[in-house]
Amino acid sequence: QVQLVESGGGLVQAGGSLRLSCTTSGRTFSNYLMAWFRQAPGKEREFVAAIRWSGIYYADSVKGRFTISRDNAKNTMYLQMDSLKPEDTAVYYCAAGPWGGTYNYPSAYNYWGQGTQVTVSS
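What counts, and at which threshold
Along each chain, residues carry numbers from 1 onward, in the same order as the chain's sequence is written. Where local features are concerned, this predicted model is filtered to residues with pLDDT of at least 70; where side-chain atom pairs are given and counted, the filter is 80 or more; whole-chain, interface and lining totals use all residues. Water and hydrogen atoms play no part in the side-chain values, which are based on all heavy atoms of the structure. Helix and strand definitions follow DSSP, with helices as H or I runs of at least four residues and strands as E runs of at least two, each counted in order from the N terminus. Only the C-alpha atoms count toward the radius of gyration. The rule for a globule is 2.2 Å times the residue count to the power 0.38. What is meant by a nonpolar core is a set of buried Ala, Val, Leu, Ile, Met, Phe, Trp, Tyr and Cys residues, joined one to another through side-chain atoms within 4.5 Å. Burial classes: relative accessible area under 20% of the type maximum marks a residue as buried, over 50% as exposed, and values in between as partly exposed (1.4 Å probe, protein chains only). Only the six-membered ring of Trp is used, alongside the rings of Phe and Tyr, when aromatic pairs are assigned; centres must lie within 6.5 Å, and planes under 30 degrees apart are stacked while those over 60 apart are edge-to-face, with the rest tilted.

> I keep staring at the overall build of the chain and nothing clicks. Help me out?
Check the secondary structure of the chain and you find zero helices and 11 strands. The order of α-helices and β-strands along the chain, N terminus first, is β-β-β-β-β-β-β-β-β-β-β. Compactness check: the chain gives a C-alpha radius of gyration of 13 Å against a globular reference of 14 Å for 122 residues, within 12% of the reference. With the C-alpha coordinates aligned to their principal axes, the bounding extent of the chain is approximately 40 × 25 × 25 Å.

Have a look at this one:
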């Protein structure tokens, strides 16, 4: 079993920055494909970014503004979000799944955190 806990969400003005953290416990963190998804009210959950030993992947909507990283020694994944826009407002979830999964599909992930709210005001 893997437990995921997100932190770092909040309210920020457009153009500002936030850093989200996802701390894991349970099985070996470094073996997993890890990702961030987000879900805005009335919308489906959408892929934001993913990381595994073989690569880093971003949604086109966040490329150049968001940076995903992980610290395997701390069992923690991060999402640095810069140049935030009102359309980035959503609940952000971290997820973990088998390293070979299709990184942008929610169904590829076995474990999810509870989510953290990010609100960007205009």
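> Teacher, can you tell me more about the nonpolar core here?
When a protein is soluble and globular, its nonpolar side chains tend to lie buried together. Of all hydrophobic cores here, the largest spans 37 residues; its most connected members are Met34, Trp36, Met77, Leu79, Met81 and Tyr92. Listing elements by their share of this core, those giving two or more residues are strand S3 (18–25), strand S4 (32–39), strand S5 (46–52), strand S7 (66–71), strand S8 (76–81), strand S9 (90–98) and strand S11 (116–121). Ranked by residue count, the leading element in this core is S4, at six residues.

> Looking at this model, I keep getting lost on the packing of aromatic side chains. Mind explaining?
Each aromatic ring pair is characterised by the separation of its centres together with the angle its planes make. The final tally for this structure, using the stated rule, is eight aromatic pairs. Ring centres 5.9 Å apart and planes at 50° place the aromatic pair Trp53 and Trp99 in the tilted group. Of the two residues, Trp53 sits in the loop between S5 and strand S6 (55–58) while Trp99 sits in the loop between S9 and strand S10 (111–112), which places them 46 residues apart along the sequence. Of the residues examined, Trp53 reaches a relative accessible area of 68% and is grouped as exposed.

> I keep staring at unusual backbone geometry and nothing clicks. Help me out?
What you tend to see is this: most non-glycine residues have negative phi, and most peptide bonds are trans. Phi at Asn75 is positive, roughly 55°, even though this residue is not glycine. Looking at where Asn75 falls in the secondary structure, it is placed in the loop between S7 and S8. Residue Asn75 is classed as partly exposed on the basis of its relative accessible area, which comes to 28%. Here Ser83, not a glycine, exhibits a phi torsion of approximately 50°, which is positive. With respect to the helices and strands, Ser83 occurs in the loop between S8 and S9. Look at Ser83 and you get partly exposed, because its relative accessible area is 42%.

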